[in-house]
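Secondary and tertiary structure notes
These are the residues of each chain, in order.
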Amino acid sequence: MDSDCVRMIEFTNSNDDAVSTSRPSPYNWTQFDVFRLDHDTGGSPLRYLVRTGEAMIGSLGTTALFATHARISSPLPQVLHTLKTFSLDHLVDVARLGLFLDELERMYTVEGNPYHTSVHAADVVATLGTMMEMDRGLFGVFDDTELLSWVIAGAGHDVGHQGVTNAGHARLGTAWYRRYGQEGVVESINERAHADITLGLMRDGRYDFLVGGQGGKEGDGAGEAEKKKKVLGYIERMILQTDITWHADVCDGFGCVCRKEAGAWTEEDRVQILSGLLHFADLSNPGRPWGLCKRWGELIYEEHRREVETLRGVRGVRGGAEEDEVDDEVDDDDDDDEEDEADGSRG
């Protein structure tokens, strides 16, 4: 594997249980605590501070700034901070980006969803920034529209998540299953919905933040339209590839591109790399220090537990005569656990 790719995915982990009591840079892998950011911003970790259309690009470590303005409505802190840090902000109308991100975060708010929240989205975007901070030279091979798409895809990759897996949508016959699924095919139901919501906001004139876009600044009409089409296409592809069903394919594609020198990557190669890195960022919680890793693990466990309870409590779930199948499967799993425990005690 090319050494550049190795540097991108090597994170220095810490075995310390404690999380730093100060707020370090969001790109400090072992110390940044997104849960504290969530607390300090009044439950709005994805929002950044905007006043009269001008981004207040202050240090995320400035407690007084957050204490004073924590509940001001506006955009994603991690997204806008990342765009400014890596000089991508020239592509966006900051005021409209604020409106877009404000609405995006609102759409993450689903009651009873412990894990797939705006806190998780902010953590993923911070992880993307960590990757870029590790090797700015390497990220110079990507063009600005590719990187912008990557960051926005990270922000929107789980928007509207209902705390139900793709298989759960199929069993329950949800509205998302009816719209995005097919009989016998449950792949990417959630991911198609997340992409649809994100792209739908970007196509809405109120939230179109691309410079030269429908609601943005004037630009070269044909050129700007083509750029917007590319950005939307990149975002859709990147979000769809966060589906764990495609994990092996994403890893294989990533590995194939990494065997080439970065300077020889095609556009397709570059998008494959960014899609893979977003996929890895989405799964990166186990690589955080133990205190954060454990907390994320507890949240995803609770979300899955609630889904199982919902499936157990719904009679007539998809499957016709096999409506009790969920109960039977769970009971069988319980029996297996009991047998394993018994075997252990006998051993």
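Residues numbered from 1 in each chain as written. Predicted model: local features only at pLDDT ≥ 70, side-chain atom pairs only at ≥ 80, totals over all residues. Heavy atoms only, no water.

Here we come to the overall build of the chain. A tally of regular secondary structure across the chain gives 15 helices and 2 strands. Accessible surface, the chain as shown: approximately 16,000 Å² in total, 48% of it carbon and sulfur. (Helix = DSSP H or I, 4+ residues; strand = E, 2+ residues; numbered from the N terminus. Areas by Shrake-Rupley, 256 points an atom, 1.4 Å probe, with all protein chains shown as cover.)

Moving on to the environment of phenylalanine 209. For phenylalanine 209, the position within the fold is in the loop between helix 10 (189-203) and helix 11 (221-240). Sequence separation between phenylalanine 209 and glycine 98 is 111 residues; the distance between their C-alpha atoms is 8.4 Å. If we ignore the near neighbours within four places in the chain, the residues touching phenylalanine 209 are Leu91, Val92, Asp93, Arg96, Leu97, Phe100, Ile152 and Met202. (Contact = heavy atoms within 4.5 Å.)

What follows concerns the nonpolar core. Residues Phe100, Phe139, Trp150 and Met202 are the most contacted members of the largest nonpolar core, which totals 67 residues. Leave out the neighbours within four places in its chain, and phenylalanine 100 touches Ile152, Thr198, Leu201, Met202, Tyr207 and Phe209. (Core = buried A, V, L, I, M, F, W, Y, C linked by side-chain atoms within 4.5 Å. Buried < 20%, exposed > 50% of the residue type's maximum accessible area, 1.4 Å probe, protein only.)

Turning next to the pattern of salt bridges. Counted by the stated rule, this structure contains 13 salt bridges. Aspartate 208 serves as the salt-bridge partner of lysine 228, at 3.0 Å between the closest nitrogen and oxygen. Here lysine 228 is found in helix 11, whereas its partner aspartate 208 is found in the loop between helix 10 and helix 11, with 20 residues between them in sequence. Under the relative-accessibility criterion, lysine 228 is labelled buried at 15%. For aspartate 208, a relative accessible area of 1% translates into the label buried. Arginine 306 is the partner of glutamate 302 in a salt bridge, and the nearest nitrogen-oxygen pair spans 2.8 Å. Here glutamate 302 pairs with arginine 306, and both are found in helix 14 (residues 290-313), just 4 residues apart, close to one helical turn. (Salt bridge = Lys/Arg side-chain N within 4 Å of Asp/Glu carboxyl O.)

Turning our eyes to something else, we now look at the environment of leucine 283. Of note, leucine 283 is situated in the loop between helix 13 (267-282) and helix 14. Considered as a pair, leucine 283 and isoleucine 244 are 39 residues apart in the sequence and their alpha carbons are 9.2 Å apart. Sequence-distant contacts of leucine 283, defined by excluding residues within four places in its chain, comprise Ile244 and His247.

Taking 1.5 Å per residue, 15 residues should reach 21 Å; helix 10 reaches 21 Å between its end C-alpha atoms and fits that length. Buried residues dominate helix 10, accounting for 11 of its 15 residues. Residues of helix 10 that are buried: Ile189, Asn190, Glu191, Ala193, His194, Ala195, Ile197, Thr198, Leu199, Leu201 and Met202. (Expected span 1.5 Å × (residues − 1).)

Here the focus is the packing of helix 5 (residues 94-108) against helix 10. Where helix 5 contacts helix 10, the axes come no closer than 11 Å and their chain directions differ by 150°. As judged from the angle between their axes, helix 5 and helix 10 are roughly antiparallel. Relative to helix 10, the crossing made by helix 5 is right-handed. Within the contact between the two elements, helix 5 uses Phe100, Glu103, Leu104 and Met107 and helix 10 uses Ile197, Thr198, Leu201 and Met202. (Axes fitted to C-alpha atoms, helices over the stretch in contact; angles between N-to-C directions. Parallel < 35°, antiparallel > 145°, perpendicular 65-115°, else oblique. Left-handed = near helix turned anticlockwise from the far one by under 90°.)

Glancing now at the layout of surface pockets. One number sums up the size of the largest pocket: a volume of about 480 Å³. Forming the boundary of the largest pocket are 24 residues, of which His116, Glu191, Thr242, Ile244 and Asp282 lie nearest the centre. Elements with a contribution of two residues or more to the lining of the largest pocket: helix 10 and helix 14. When residues of the lining of the largest pocket are assigned to their parent elements, the largest contribution, 3 residues, is made by helix 14. (1 Å grid on protein atoms, 1.4 Å probe; cavity = no way out; pocket = protein on both sides within 12 Å on 5 of 7 lines; lining within 4 Å. Points joined across faces, edges and corners; volume = space filled by probe spheres on them.)

Here the chain averages 75 in pLDDT, and 67% of its residues register 70 or above. Overall, residues 8-22 carries pLDDT values under 50, and its contacts beyond four positions in sequence, including any with other chains, amount to 39 contacts. Note on residues 48-77: pLDDT under 50 across the span, and 69 contacts to partners over four residues away in sequence or across chains. (pLDDT = per-residue confidence, 0-100.)

The end-to-end C-alpha separation of helix 5 is 21 Å, in line with the 21 Å expected for 15 residues at 1.5 Å each. Taken together, the buried positions of helix 5 are Val94, Leu97, Gly98, Phe100, Leu101, Asp102, Glu103, Leu104, Glu105 and Tyr108.

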